[in-house]
Amino acid sequence: MKNVYEIKRLDGTKISFIGKGLLIGVVAGFVVSLFRLSISFFSHTVFEWYHYLSGHLFLLLPWVIFSLLVAYFIGKLIQSDPNIKGSGIPQVEGQLRGQITINWLSVLWKKFIGGVLALSMGLFLGREGPSIQLGAVVGQGISEKFKATKAETKILISSGASAGLSAAFNAPIAGLLFTLEEVHHSFSPLVLLTAFSATLASNFVSLHFFGLKPVLYIGAIKALPLHYYWTLPLLGILVGLLALMYQKVLLHMGQWYSKLTILPSYLYGIVPLILVIPIGLFLPQFLGGGHDIILDLNTISFSATSLFILFLFRFIFSMISYGSGLPGGIFLPILSLGAIIGVFFGVILTQSTGLDDIYIKNFLILAMAGYFAAISKAPLTAMVLITEMVGSFSHLMAIGVVVLISYVVIDFFNGKPIYEALLEKLVHTEDIDIKGKKTIIEFPVLVESTFDDQQVRDINWPKDMLLTSIRRGESEILTHGDTLIHAGDTLIILTDEGMTQYIKDVLAEESYPSTSNK
């Protein structure tokens, strides 16, 4: 009987996957573009309503009641399908690891409606996480229509996730890198081709709705002079330490919300939806994930004190917003906080060193990249994402320095990739049924791996797994005891679905002992 867990290897397999990637990209592009348009329309309506409400306070009580009804409706959606909570990225990673089972149709419409409602009410949440999950479930739905194997389904889900990010930010290369660097943590030629096709197609669709202008275009950017490069390590250290604080606080929000014993967990959204009302009444310009804040930082002069207060304000309420479990992401809030840090750093430099204030926007960009890179531990994605979003390549060298330093800082303090850490809190290993259906996982052998130049028989393999083959370049090699493993190989492993992450963790500890605690 043909092994249903192997990728079908027919002539033209790559062309077939490129075609499926294009299809996923087109569908995901339309879904995410409609998601963005809906958020934009309803957000504008809510903003106008707050403007009207400020002069007609007798309508405040009906608005509070309406907000409570919105919170209750979203809460019931969450109660019916908890996989729509939060950004959705941890759920996508858990699904690809075999730790979470997703009903794609349920998540598709409930995440869409719940996300539109939560984001339109002005909460400090981003559209990108939901967009990634919407793209992933589109990929899953299409894979079911094609009756794809498990391995093929994972490729199509990954491609949908890439397409979702691409359409959310008009950033196709960042969408591709996000899947390879953050979701898979490895390079697969087939994932690369399929996901790249999907990101290009979804971006092509979204450009027809939103135009060619970069999402965070802040005008021409003059390159930072080399004699100011001494400031970059300082900025990298600053954003790295603040990123560590962000991780620590975000990962404890669930514990703090659990103290609200008067509310069931699916109704935690009542808290931010009530607290956002005074913000909408008195500071409506600060509503939303932070897109407008980033653009305002480029055009409006702020004092260092006002920037410090703004950072604390957005930091605290973004935590309250995301910690409630409402559908919404942290990408854009992270970028807006990074932008505030960068402008604050630039203002301090102009006051203390005489730096021309024309370079403040450079630090805005650099801090966004460094802050996101440290929190997500996805440095390449951060560099390319910011470059695509602002539409300028003149700062890549400086971004690289800040990203590298911030990554080293958070790694020194054992900070984990935020989405992996959120997944760990979402899924408890002891609750997983380790028996059942089989699945294929891939494990890359890097240059520093102790598996390099070892024979298969010499490695202490975990039980509950079977090494079926090794992918080397374009070839796939069936293994036996004296098969020699080389750096650059990808190990193809068969195991129980619930054991996938455990097997990966054990192999990582065996092959990279010096970094396994990071």
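Bear in mind the structure is a predicted one, so any value in this text is a computation, not a measurement. (Residues numbered from 1 in each chain as written. Predicted model: local features only at pLDDT ≥ 70, side-chain atom pairs only at ≥ 80, totals over all residues. Heavy atoms only, no water.)

## Some words on the overall build of the protein
Note the cut-off: Secondary structure elements follow DSSP: runs of H or I no shorter than four residues count as helices, runs of E no shorter than two count as strands, and numbering proceeds from the N terminus. Atoms considered for the radius of gyration are the C-alpha atoms alone. The globule rule reads 2.2 Å times the number of residues to the power 0.38. Whether a residue is buried, partly exposed or exposed follows from its accessible area with a 1.4 Å probe, protein chains only, as a fraction of its type maximum: under 20%, in between, or over 50%, in that order. Contact between two residues is taken to exist if any of their heavy atoms lie within 4.5 Å; hydrogens are not considered. Residue burial considers only the protein chains on display, and all accessible areas are found by Shrake-Rupley using a 1.4 Å probe. When charges are counted, Lys and Arg are positive and Asp and Glu negative, with His and the chain ends excluded. Note on charges: their place is set at NZ of Lys, CZ of Arg, CG of Asp or CD of Glu.
Helix and strand counts for the protein come out as 18 helices and six strands. In terms of overall size, the protein behaves like a compact globule, its C-alpha atoms giving a radius of gyration of 23 Å where 518 residues would be expected to give roughly 24 Å. With the C-alpha coordinates aligned to their principal axes, the bounding extent of the protein is approximately 75 × 55 × 45 Å. Across the 518 residues in the protein, those meeting the buried criterion constitute 57%. Of all intrachain contacts in the protein linking residues separated by at least 6 positions in sequence, the fraction that spans at least 24 positions is 82%. Total accessible area on the protein stands at roughly 22,000 Å², and carbon and sulfur atoms take up 66% of it. Distance between charge centroids for the protein: 6 Å, based on 34 positive and 36 negative side chains.

## With respect to the packing of aromatic side chains
In this description, an aromatic ring pair is defined by two values, namely the gap between the centres and the angle between the planes. Here is the rule: Aromatic contacts are taken between Phe, Tyr and Trp rings whose centres are within 6.5 Å, Trp giving its six-membered ring; a plane angle under 30 degrees counts as stacked, one over 60 as edge-to-face, and the others as tilted.
Considering all chains together, one arrives at 24 aromatic pairs under this definition. Their ring planes at 80° and their centres at 4.9 Å tell us that Phe 124 and Phe 317 sit as a pair that is edge-to-face. In this pair, Phe 124 is assigned in the loop between helix H4 (104-120) and helix H5 (128-145) and Phe 317 in helix H12 (residues 304-323), connecting sequence segments 193 residues apart. Given a relative accessible area of 1%, Phe 124 falls into the buried group. Taken together, a centroid distance of 4.7 Å and an interplanar angle of 40° make the contact between Phe 331 and Phe 372 tilted. Highlighted residues: Phe 331 in helix H13 (residues 331-353) and Phe 372 in helix H14 (residues 360-376), separated in sequence by 41 residues.

## Considering the sheet that holds strand E6 (residues 490-496)
To keep things clear, this is the line we draw: Following DSSP output, two strands are said to pair if at least two bridges run between them. Each axis is a line fitted through C-alpha atoms, and for a helix only the stretch in contact is used; angles between axes span 0 to 180 degrees, taken between their N-to-C directions.
As summarised here, the arrangement of the four strands in space is E1-E6-E3-E4, forming an open sheet in which the pairing is antiparallel. Of all the strands in the sheet, just strand E1 (438-444) and strand E4 (475-478) have a single pairing partner and so form its edges. The mean inter-strand angle of the sheet, taken between neighbouring strand axes irrespective of direction, is 30°. Bridge count between strand E3 (residues 465-472) and E6: six bridges; the pairing is antiparallel. Looking across to E6, one finds that Leu 467 is bridged to Ile 493.

## Concerning the layout of surface pockets
Quick note on the threshold: Detection works on a 1 Å grid of protein atoms alone, calling trapped sets that fit a 1.4 Å probe cavities and calling open sets with protein on both sides within 12 Å along at least five of seven lines pockets, with lining residues defined by an atom within 4 Å of a point. Grid points are joined across faces, edges and corners, and a volume is the space filled by probe spheres set on the points. Residues were grouped as follows: Ala, Val, Leu, Ile, Met, Phe, Trp, Tyr, Cys and Pro as nonpolar; Asp, Glu, Lys and Arg as charged; and all remaining residues, including Gly, as polar.
Counted as a void, the second largest pocket has a volume near 810 Å³. At the level of secondary structure, the elements contributing two or more residues to the lining of the second largest pocket comprise helix H1 (13-53), H4 and helix H11 (291-299). Broken down by element, the lining of the second largest pocket gets its largest block of residues, seven residues, from H1. Looking at the lining of the second largest pocket, its residues break down into 13 nonpolar, twelve polar and four charged.

## Notes on a nonpolar patch on the surface
The condition that has to hold: Think of a patch as exposed residues, more than 30% relative accessible area, with no salt bridge, where like charges cluster within 9 Å and nonpolar side chains (Val, Leu, Ile, Met, Phe, Trp, Tyr) cluster within 5 Å. We define a salt bridge as a side-chain nitrogen of Lys or Arg found within 4 Å of a carboxyl oxygen belonging to Asp or Glu.
A contiguous nonpolar patch, built from Val 26, Phe 30, Leu 37 and Phe 209 and spanning about 330 Å² of accessible area, is present on the exposed surface. Top contributing element to the nonpolar patch by residue count: H1, with three residues. With respect to the element layout, Phe 30 can be found in helix H1.

## A closer look at the pattern of salt bridges
Side chains bearing opposite charge may pair, as long as their charged atoms lie close to each other. According to the stated counting rule, one finds three salt bridges in the structure shown. With its nearest N and O atoms 2.5 Å apart, the salt bridge here joins Lys 377 to Asp 411. Note that Lys 377 is positioned in the loop between H14 and helix H15 (379-390) and Asp 411 in helix H16 (residues 396-412), a separation of 34 residues in sequence. Judged by relative accessible area, which is 10%, Lys 377 ranks as buried. Looking at Asp 411, the relative accessible area reads 18%, which means it is buried. Arg 471 serves as the salt-bridge partner of Glu 442, at 2.9 Å between the closest nitrogen and oxygen.

## Points about the pairing of E6
Most of E6 is tucked away, with seven of its seven residues classed as buried. Summarising the sheet, E1 and E6 pair through seven bridges and their orientation is antiparallel. Bridged to Thr 439 within E6 is Thr 495.

## Examining the nonpolar core
Rules: Take the buried Ala, Val, Leu, Ile, Met, Phe, Trp, Tyr and Cys residues and link them wherever side-chain atoms come within 4.5 Å; each set so joined is a nonpolar core.
The biggest cluster of nonpolar side chains holds 140 residues, and the ones touching the most others in it are Tyr 246, Phe 331 and Tyr 371. Per-element tally for this core: the top contributor is H14, with 13 residues. Of all hydrophobic cores here, the second largest spans 17 residues; its members include Phe 451, Val 456, Ile 485 and Ile 503.

## What to know about the environment of Ile 386
Along the chain, the position of Ile 386 falls in helix H15. Once you skip the residues sitting within four places of it in the chain, Ile 386 turns out to touch Leu 335, Ile 365, Met 368, Ala 369 and Ile 399.

## Digging into helix H18 (residues 500-511)
Condition: Multiplying one less than the number of residues by 1.5 Å gives the expected span of a helix.
Between its terminal C-alpha atoms H18 stretches 16 Å, which fits the 16 Å expected from twelve residues at 1.5 Å a residue. Along H18, the positions that sit buried rather than exposed are Thr 500, Gln 501, Ile 503, Val 506, Leu 507 and Ser 511.

## Regarding the environment of Ile 274
Looking at where Ile 274 falls in the secondary structure, it is placed in helix H10 (residues 270-282). For Ile 274, a relative accessible area of 29% puts it in the partly exposed group. Placed 203 residues apart in sequence, Ile 274 and Ala 71 show a C-alpha to C-alpha distance of 9.0 Å. Here Ile 274 is in contact with Val 64, Ser 67 and Leu 68, once residues within four sequence places are set aside.

## Thoughts on the side chain of Gln 247
Inspection of the secondary structure assignment puts Gln 247 in helix H9 (residues 231-257). Once residues lying within four places of it in the same chain are set aside, the contact partners of Gln 247 are Ala 374, Ile 375, Ile 410, Gly 415, Lys 416 and Ile 418.

## Observations regarding the confidence of the model for the protein
Rule in force here: A score between 0 and 100, pLDDT records how confident the predictor is in each residue.
Taken as a whole, the protein shows an average pLDDT of 86; of its residues, 93% reach a score of 70 or greater. The model gives residues 1-11 a pLDDT under 50, and that stretch makes 20 contacts with residues more than four places away or in other chains.

## A few points about the pairing of E3
When E3 meets E4, the two strands line up antiparallel, connected through four bridges. Bridged to Ile 470 within E4 is Ile 477.

## Describing the packing of helix H3 (residues 89-96) against helix H7 (residues 172-184)
Formally: Should an angle fall under 35 degrees it is called roughly parallel, over 145 degrees roughly antiparallel, and 65 to 115 degrees roughly perpendicular, with every other angle called oblique.
It is the contact of H3 with H7, at a shortest axis distance of 11 Å, that shows an interaxial angle of 70°. It follows that H3 is roughly perpendicular to H7 by the angle criterion. For the pair formed by H3 and H7, the contact residues are Ile 89, Glu 93 and Leu 96 on the first element and Phe 178, Glu 182, Val 183 and His 184 on the second.

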